[in-house]
Amino acid sequence: MGDVLAGIHATWEFETDAVLIRFERGIRAPKLFQTLRERRVPYRALASVTLSPGKRGTVVLHAVPRTGADPLMAAADGQLKESCDPYRLVLPADRETLAEYYAEELRARLGPERGEPAERFLVTVPEPPVQFKAYDGKASFDGRNVSFRWFWTGASSAKWKAGDQNFAVSDLSGVEWRSPDVLDGCLRLLRRGGDTAPVQPDQDPAAVVFGLGYGPVHESLPFAAAVLQAIREADRAIPVPVPVGAGRRDPADIAERIRHLGDLHRAGLVTDEEFTAKKAELLAEL
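These figures come from a predicted structure and were not determined experimentally. (Residues numbered from 1 in each chain as written. Predicted model: local features only at pLDDT ≥ 70, side-chain atom pairs only at ≥ 80, totals over all residues. Heavy atoms only, no water.)

1. Quick notes on the side chain of D136
For D136, the location among the structural elements is in the loop between β8 (130–133) and β9 (137–141). A distance of 2.5 Å separates a polar atom in the side chain of D136 from a polar atom in the side chain of K159. A distance of 3.0 Å separates a polar atom in the side chain of D136 from the backbone nitrogen of V209. (Helix = DSSP H or I, 4+ residues; strand = E, 2+ residues; numbered from the N terminus. Polar contact = N/O pair within 3.5 Å; in protein donor to acceptor, adjacent residues only side chain to side chain.)

2. Quick word on the sheet that holds strand β5 (residues 46–53)
Ordered in space as β5-β6-β7, the 3 strands form an open sheet in which the pairing is antiparallel. In the strand order of this sheet, the two ends are held by β5 and β7 (88–92), each with one partner. On average, each strand axis in the sheet is inclined to that of its neighbour by 15°, with strand direction left out of account. Contacting β5, β6 (58–65) and β7, helix α3 (residues 96–109) runs over the sheet at an angle of about 165° to β5. (Pairing = 2+ DSSP bridges. Axes fitted to C-alpha atoms, helices over the stretch in contact; angles between N-to-C directions. Contact = heavy atoms within 4.5 Å.)

3. Quick notes on α3
The terminal C-alpha atoms of α3, which comprises 14 residues, lie 20 Å apart, in line with the 20 Å expected from a rise of 1.5 Å per residue. Inspection of α3 places A99, Y102, A103 and L106 among the buried residues, and these make up the whole buried set. Angular distribution of buried residues about the axis of α3 spans 110°; they occupy a single face of the element. Away from its buried face, by an angle of more than 90 degrees, α3 presents the exposed residues T97 and A108. (Expected span 1.5 Å × (residues − 1). Buried < 20%, exposed > 50% of the residue type's maximum accessible area, 1.4 Å probe, protein only. Arc of directions from axis to C-beta.)

4. Let's talk about the environment of K161
Counting through the fold element by element, K161 comes out in helix α4 (residues 157–162). Taking relative accessible area as the criterion, K161 reaches 77% and is therefore assigned exposed.

5. A word on the pairing of β7
Across the 5 residues that make up β7, a large majority, 4, are buried. The pairing of β6 with β7 spans 5 bridges and is classified as antiparallel. In the strand pairing of β7, L61 is matched with L89.

6. Here's the deal with the packing of aromatic side chains
Inspection of the entire model under this criterion finds 9 aromatic pairs. Taken together, a centroid distance of 6.1 Å and an interplanar angle of 70° make the contact between Y135 and Y214 edge-to-face. One end of the pair, Y135, is in the loop between β8 and β9; the other, Y214, is in the loop between β14 (207–209) and α5 (217–237), with 79 residues separating them in the sequence. Seen in terms of ring centroids, F141 and F223 are 6.4 Å apart; in terms of plane orientation they differ by 65°. Their pairing is edge-to-face. Placement of F141 in strand β9 and of F223 in helix α5 is noted, with a sequence separation of 82 residues between them. Just as F141 is buried, F223 falls in that class too. (Phe/Tyr/Trp six-rings, centres within 6.5 Å; stacked < 30°, edge-to-face > 60°.)

7. What to know about helix α7 (residues 272–284)
Helix length check: α7, at 13 residues, gives a terminal C-alpha distance of 18 Å against a target of 18 Å (1.5 Å per residue), a fit within 8%. Looking only at α7, the buried set comprises F275, K278 and L282. When α7 is viewed along its axis, its buried side chains cluster within an angular range of 80° and face the same direction. Opposite its buried face, α7 presents the exposed residues E273, T276 and A284, each directed more than 90 degrees away.

8. Concerning the pattern of salt bridges
Applying the stated criterion across every chain, the model contains 15 salt bridges. The residue E104 makes a salt bridge to R107 at a minimum N-O spacing of 2.7 Å. Highlighted residues: E104 and R107, both in helix α3, separated by 3 residues, approximately one helical turn. For R107, a relative accessible area of 28% puts it in the partly exposed group. (Salt bridge = Lys/Arg side-chain N within 4 Å of Asp/Glu carboxyl O.)

9. Notes on unusual backbone geometry
In this model, P128 is joined to P129 through a cis peptide bond whose omega is 5°. Positioned with a positive phi, R56 is a non-glycine residue whose angle comes to about 55°. With phi around 50°, D77 is a residue other than glycine that occupies positive phi space. Tracing the backbone through its elements, the reader meets D77 in the loop between α2 (71–76) and β7.

10. Thoughts on the environment of D171
Its place among the elements puts D171 in the loop between β11 (165–168) and β12 (172–178). The exposure class assigned to D171 is partly exposed, which follows from its relative accessible area of 39%. Spatially, the C-alpha atoms of D171 and I231 are 8.8 Å apart, while their sequence positions differ by 60 residues. Ignoring sequence-local partners within four residues, the contact set of D171 consists of R191, R192 and T271.

Here it is, written out as C-alpha cells:
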C-alpha cells in the first residue's frame with residue numbers, strides 16, 4: 001500500500017508485506033509504547049482487523065495478531081489494558097471513512113493461515129540486554145542467561161537462603177507474567193522438568209515480585225517477551241532426533257549436523273550432557 005495513517009499515540013505505515021507501527025514518545029503516550037518505539041508486523045502475523053467506535057469522538061482500528069505470532073502478546077496473555085494494546089490505532093471520528101479504507105486493505109492482505117496459530121514468532125521484541133527492578137530483586141537478561149539479584153529490603157528469607165539466581169535459556173520452558181496491576185503481580189521462570197507444585201512468588205527463587213511501583217508493565221512485560229522469544233528460538237535450534245530405523249545417513253549431512261550442534265553447545269544453548277549424548281546418536285547413524 002505504501003501509505004501512512006497517523007492516529008493518537010501511533011502512526012501506521014503500510015508496506016508491501018507488513019505494517020510498520022511507530023509509537024509516539026510524548027509524555028501522554030503510554031509508557032509501553034515509548035519502550036517499544038516501533039514494531040514491524042508482517043501481514044501474515046495477523047488474524048483479523050476491525051473498526052469500531054471509540055471513546056470521546058474517536059474510532060479504533062484494531063489488528064488482532066494470530067495466536068503465537070507475537071511474544072509480547074503471548075507473555076501478556078490477555079492482561080494488557082486497552083490503552084496499552086499496541087495493535088489499536090485510535091483516530092478522530094472524522095477520519096472514519098479513511099480508517100475503513102485501510103481496514104479493508106488490511107483484510108485483503110490476510111493470508112489463508114490467519115485462523116491458525118503461528119508455528120513461530122513473527123514479530124520481534126526489544127533485543128537484550130534488558131533489565132528491570134522488581135520489589136524483591138533486580139532481573140537481568142543478556143540473551144543467554146536470566147539472573148535475579150535479591151534486595152535485602154524486599155526479598156524473603158527463602159530467597160536469601162537460596163542466594164542470587166542464574167538461569168540458562170536452555171534450562172527454561174517458558175515465562176509466566178502476572179501484571180503489576182493485580183495483587184499477585186510477578187514474573188516467574190518455568191524450568192524444564194521443574195516442580196509442578198504451586199509456590200508463592202515471594203518464596204520462589206525462580207520468580208521476582210512486583211508492587212509499590214516496581215516491575216511496571218513497560219519494563220517487565222518486554223523483559224518477559226524477550227526471554228520467551230529466546231526460549232522459543234532455542235527450542236527450534238535444537239536438532240530433532242532421527243527416528244529409529246530411518247536408515248544410514250549421508251556422512252556429509254551427519255558432519256554438518258554435528259558442526260551445528262557444536263555451535264549450539266558453544267553458544268550455551270545445549271548442555272555438556274546434551275551435546276555428548278546427541279553427538280553419540282549422530283555418529284551411530286554412520
